[in-house]
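Below are the chains, spelled out letter by letter.
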Amino acid sequence: MSSDDDQPIVMDLYVGFNFRNQIVVCVDLHDYDEPEYNCSTAAVVDIDDARVMAQNNKVDYRRLPIFIGECMEGWSEITNATFTQVEDCFKEITECLLDEGCRFKIVRNYGKGGHTCMTP
């Protein structure tokens, strides 16, 4: 999911794997005019919990990002989403992960002056 990509600041939401094969739900903010303000907020899911979630939902672990995307399909119907809508989708995904019993840690990369793309 992405905000309006015709604007000078864009917020993108991704679900995928990191180099440790952990599920990561990440919001990246890209400021094309002032890239020093770029930042990200990610929920890194405990791998054992994610494996249990995959098993409980009868989904191959490698397909979990696709499964999560399919569960959030309604959000894909939004054209030129606002930052708030992208953040709300991130929050819904993390709430669903908690409902599934998944623990995760929030990892942030800050922009200039401690700029963050989501309210802590």
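Residue positions are counted from 1 within each chain, in the order its sequence is given. With pLDDT at 70 or above as the cut-off, local features in this predicted model cover only qualifying residues; side-chain atom pairs require 80 or more to be listed or tallied, and sums for whole chains, interfaces and linings still use all residues. Just so you know, side-chain values use all the structure's heavy atoms and leave hydrogens and water out.

Novice: I'm lost on unusual backbone geometry in this one. Help?
Specialist: Most peptide bonds are trans, and most residues other than glycine sit at a negative phi. In this structure, Lys-58 takes a positive phi of about 55° despite not being glycine. Its location among the elements puts Lys-58 in the loop between α1 (47–56) and α2 (64–71). For Asn-80, which is not glycine, the phi dihedral falls at a positive 50°. On the secondary structure map, Asn-80 appears in the loop between α2 and α3 (83–99). Three exposure classes are used, based on accessible area relative to the maximum for each residue type with a 1.4 Å probe and protein chains only: buried under 20%, partly exposed in between, and exposed over 50%. With relative accessibility at 46%, the residue Asn-80 sits in the partly exposed group. Helix and strand assignments follow DSSP, with helices taken as H or I runs no shorter than four residues and strands as E runs no shorter than two, numbered in order from the N terminus.

Novice: Explain the nonpolar core to me, please; I cannot follow it from the model alone.
Specialist: Nonpolar side chains tend toward joint burial in soluble globular proteins. In plain words, nonpolar cores are sets of buried Ala, Val, Leu, Ile, Met, Phe, Trp, Tyr and Cys residues tied together by side-chain atoms within 4.5 Å. Ranked by size, the top nonpolar core spans 27 residues in total, and within it Leu-13, Val-27, Leu-64 and Ile-93 carry the most contacts. Contributions of two or more residues to this core are made by β1 (9–17), β2 (23–31), β3 (39–45), α1, α2 and α3. The leading source of residues in this core is α3, at 5 residues. In this description, contact between two residues means that some pair of their heavy atoms is separated by no more than 4.5 Å. Not counting the four nearest positions on each side in its chain, Val-27 is found in contact with Met-11, Asp-12, Leu-13, Cys-39, Ser-40, Thr-41, Val-86, Phe-90, Cys-117 and Met-118.

By themselves, these observations are geometric and do not establish any function.
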